[in-house]
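An overview of the molecular structure
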Amino acid sequence: AQSVAQPEDQVNVAEGNPLTVKCTYSVSGNPYLFWYVQYPNRGLQFLLKYITGDNLVKGSYGFEAEFNKSQTSFHLKKPSALVSDSALYFCAVRGPGANNLFFGTGTRLTVIP
Amino acid sequence: DTGVSQDPRHKITKRGQNVTFRCDPISEHNRLYWYRQTLGQGPEFLTYFQNEAQLEKSRLLSDRFSAERPKGSFSTLEIQRTEQGDSAMYLCASVPAGGRAYEQYFGPGTRLTVT
């Protein structure tokens, strides 16, 4: 069975500071890992993915994520947070051969001006 | 705006009534997914279509739920005899054929409130 854990319901960070949103996963085989962002009254938007290759992947809006196989983690990062980054962030995993995504419970990021 | 649209955006209904939601995916996308998202949770997979064929259904999709994609374009999700536990955001996502099939483009969702 596949699962995703986002241990923090809420992350607060000051504008301009680096941010990290944590995600750990459990899946049989090599995972496909994703981050999505959800703004109020808007659909989920794809940020970035890890399929294979470099452990550090870059995505939209200056976000990046680091895949760590030994720690089964896929933390989302950004060097300098913007107030406009405030939103709900979801980590998701797709196991080998699976057709659907399995999402974590989400982390609400608040960037404080 | 991802290009996936859902209608209606909000629906309030009384327990026991039937409701139907519509999803219009991006036109060149052949795969379509339905998810349900309750408060404080991430989206949960309900069902998946490739063209008009419904290929997979979650155990969450009880017999009161039915989904169709008759011409391989838009899809409908119907809930019969709604219950208060059906209150949630229902999300649709479409996926292009080929190598980027794992990148799902989500619509804004239909928020269902069952009173």
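This section reports on the structure supplied with the text.

What counts, and where the lines are drawn
- Residues numbered from 1 in each chain as written.
- Chains lettered and ligands numbered in written order.
- Predicted model: local features only at pLDDT ≥ 70, side-chain atom pairs only at ≥ 80, totals over all residues.
- Heavy atoms only, no water.
- Pairing = 2+ DSSP bridges.
- Helix = DSSP H or I, 4+ residues; strand = E, 2+ residues; numbered from the N terminus.
- Axes fitted to C-alpha atoms, helices over the stretch in contact; angles between N-to-C directions.
- Phe/Tyr/Trp six-rings, centres within 6.5 Å; stacked < 30°, edge-to-face > 60°.
- Lys NZ or Arg CZ within 6 Å of the ring centre and 35° of its normal.
- Disulfide = S-S within 2.5 Å.
- Buried < 20%, exposed > 50% of the residue type's maximum accessible area, 1.4 Å probe, protein only.
- Salt bridge = Lys/Arg side-chain N within 4 Å of Asp/Glu carboxyl O.

**Here's the deal with the sheet that holds strand 8 (residues 75-79) of chain B**
Residues and elements named next belong to chain B. Ordered in space as 1-3-8-7, the 4 strands form an open sheet in which the pairing is antiparallel. Strand pairing shows two members of the sheet lacking a second neighbour, strand 1 (5-7) and strand 7 (65-68), which therefore form its edges. For this sheet the average axis-to-axis angle between neighbouring strands, irrespective of direction, equals 15 degrees.

**What about the packing of aromatic side chains?**
The final tally for this structure, using the stated rule, is 17 aromatic pairs over all chains. Both rings, one in Tyr50 of chain A and one in Phe67 of chain A, keep their centres 4.1 Å apart while their planes meet at 20 degrees; by these two values the pair is stacked. Pair noted here: Tyr50 of chain A is in strand 6 (residues 44-50) and Phe67 of chain A is in strand 8 (residues 64-68), with a separation of 17 residues, a long-range link. Taken together, the ring pairs in this structure connect Tyr36, Phe46, Phe90 and Phe103 of chain A together with Tyr33, Tyr35, Phe45, Tyr48 and Phe106 of chain B into an aromatic cluster. One Lys or Arg, Arg22 of chain B, reaches over the ring of Phe74 of chain B and ends 3.9 Å from the middle of that ring.

**Some words on the state of the cysteines**
Residues and elements named next belong to chain A. Under the counting rule described, the total for this entry stands at 2 disulfides over all chains. Each disulfide pairs two cysteine sulfurs, and for Cys23 the partner residue is Cys91, the sulfurs being separated by 2.0 Å. The sign of the -65 degrees torsion about the S-S bond sets the Cys23-Cys91 disulfide as left-handed. Linking Cys23 in the loop between strand 3 (19-21) and strand 4 (24-26) with Cys91 in strand 10 (residues 87-94), this pair joins segments that are 68 residues apart in sequence. Owing to a relative accessible area of 0%, Cys23 belongs among the buried residues under this scheme.

**A word on the pattern of salt bridges**
A full pass over the atoms with the stated rule returns 6 salt bridges over all chains. Where Glu66 of chain A meets Lys77 of chain A, a salt bridge forms, and the shortest distance between an N and an O atom there is 3.3 Å. Here Glu66 of chain A, found in strand 8, pairs with Lys77 of chain A, found in strand 9 (residues 73-78); they are 11 residues apart in sequence, far enough to count as distant. Judged by its relative accessible area of 37%, Glu66 of chain A is partly exposed. Relative accessible area serves as the criterion here: at 27%, Lys77 of chain A is assigned to the partly exposed category. Residues Asp85 of chain A and Lys78 of chain A are paired through a salt bridge, measuring 2.8 Å at the closest nitrogen-oxygen approach. In the salt-bridge network here, residues are joined through shared partners; they are Arg64, Glu83 and Asp86 of chain B.

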